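# Per-entry structural report
The primary structure of each chain is shown beneath.
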Amino acid sequence: MSTPVQVRSSAGFAWQPLIRLLVYIVGLLPAAWLFYLAFADRIGADPVAQLEWGLGLWALRFLIITLCITPLRQLFRINLLRYRRAFGLVAFYYVLLHLSVWIWLDRGLDLHAALTDILRRPYITIGMAAFVILLPLALTSNNWSIRRMGGKTWAKLHKAVYLAIALGALHFIMIKKVWLMEPLVYAAIVLVLLAFRLVWPMIGARKPQARRAA
């Protein structure tokens, strides 16, 4: 039987902290590049809108990466579970940057105007709902919270990420007033990955039965 592919060294898992650090550093490089382009006025006619779009897109990309980790392990025996929290936190940082740019640069720190938009514009309402769901998940993405809450309770709480990702994909589609292929492609990827999470337990339950029947 094949064994899961894991990142190891001769000293066990000594490389894991370094790999996690690299996930954070490399993961946030696109954000640094986007801010550079925006403040250098090299990102388009509307730098703020392009900055918001780019940060939101990378948030969705990293959320998709976190969804891919389980299928990679179950289908291809590639085990990256130890780095899922790092990818998830990078995704949250992009969501936080996306929201901060909107409040700071787009709405000029006018909290009343921002609140009005949240209440009146459905795509902003949906995006804010995704952020509210992700916030406690990010705050509890640490070993102390797992010990404090208990593994089962922590795992149940973090299943809310699936709803947050679905809302994020819907928010991404609704941002533009016209149908664009790129948001639809990302939404389709999210839909397939979420469907996999629902279908795979049933497939996995049938395999032992098939082996016993053989």
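Moving on, we come to the packing of aromatic side chains. Applying the stated rule across the entire model yields 10 aromatic pairs. Note on Tyr-24 and Tyr-93: the rings are 6.5 Å apart at their centroids and 45 degrees apart in plane angle, and the pair reads as tilted. One end of the pair, Tyr-24, is in helix α1 (residues 16-39); the other, Tyr-93, is in helix α3 (residues 84-106), and 69 residues separate them in sequence. Taking 6.0 Å as the distance between ring centres and 75 degrees as the angle between the ring planes, the aromatic pair formed by Phe-172 and Tyr-186 counts as edge-to-face. Remark: Tyr-186 occurs in helix α9 (residues 181-213) and Phe-172 occurs in helix α8 (residues 161-175); sequence separation between them is 14 residues. Of the two residues, Phe-172 and Tyr-186, neither departs from the other in class, the shared state being buried. Feature note: the residues Trp-58, Phe-62, Phe-87 and Tyr-94 constitute an aromatic cluster, connected by ring pairs.

Here the focus is the environment of Phe-62. Structurally, Phe-62 can be placed in helix α2 (residues 47-76). Sequence spacing of Phe-62 and Val-90 is 28 residues, and the spatial spacing of their C-alpha atoms is 7.0 Å.

The biggest cluster of nonpolar side chains holds 52 residues, and the ones touching the most others in it are Leu-55, Leu-60, Tyr-94, Leu-134 and Val-190. Once you skip the residues sitting within four places of it in the chain, Leu-55 turns out to touch Ala-31, Leu-34, Phe-35, Tyr-94, Leu-97, His-98 and Val-101.

A separate point is the packing of α1 against α2. As a packed pair, α1 and α2 sit with axes 9 Å apart at the nearest point and diverge in direction by 175 degrees. With respect to α2, the element α1 is oriented roughly antiparallel. Within the contact between the two elements, α1 uses Gly-27, Pro-30, Ala-31, Leu-34, Phe-35 and Ala-38 and α2 uses Pro-47, Leu-51, Gly-54, Leu-55, Trp-58 and Phe-62. Split by residue class, the contact of α1 with α2 holds 10 nonpolar, 2 polar and no charged.

Our next topic: the environment of Ile-43. Examined against the element boundaries, Ile-43 turns out to sit in the loop between α1 and α2. When its relative accessible area of 16% is taken as the criterion, Ile-43 is described as buried. Filtering out sequence-adjacent residues up to four positions away, Ile-43 remains in contact with Leu-34, Leu-37, Ala-38, Gln-50 and Leu-51.

Tracing the sequence through the fold places Ser-145 in helix α6 (residues 143-149). Its relative accessible area of 4% is what places Ser-145 among the buried residues. Among all residues touching Ser-145, those that are not within four sequence positions of it are Leu-139, Thr-140, Gly-150 and Trp-154.

Pairing is possible between side chains of opposite charge, provided their charged atoms come close. In the structure shown here, the tally under the stated rule is 3 salt bridges. The shortest N-O distance in the salt bridge between Arg-107 and Asp-106 comes to 2.8 Å. Arg-107 is the partner of Asp-117 in a salt bridge, and the nearest nitrogen-oxygen pair spans 2.5 Å. Here Arg-107 lies in the loop between α3 and α4 (111-120) and Asp-117 lies in helix α4, a separation of 10 residues in the sequence. Where salt bridges share partners, they join Asp-106, Arg-107, Asp-117 and Arg-121 into one cluster.

Cut-offs applied
Residues numbered from 1 in each chain as written. Predicted model: local features only at pLDDT ≥ 70, side-chain atom pairs only at ≥ 80, totals over all residues. Heavy atoms only, no water. Phe/Tyr/Trp six-rings, centres within 6.5 Å; stacked < 30°, edge-to-face > 60°. Helix = DSSP H or I, 4+ residues; strand = E, 2+ residues; numbered from the N terminus. Buried < 20%, exposed > 50% of the residue type's maximum accessible area, 1.4 Å probe, protein only. Core = buried A, V, L, I, M, F, W, Y, C linked by side-chain atoms within 4.5 Å. Contact = heavy atoms within 4.5 Å. Axes fitted to C-alpha atoms, helices over the stretch in contact; angles between N-to-C directions. Parallel < 35°, antiparallel > 145°, perpendicular 65-115°, else oblique. Nonpolar A, V, L, I, M, F, W, Y, C, P; charged D, E, K, R; others polar. Salt bridge = Lys/Arg side-chain N within 4 Å of Asp/Glu carboxyl O.

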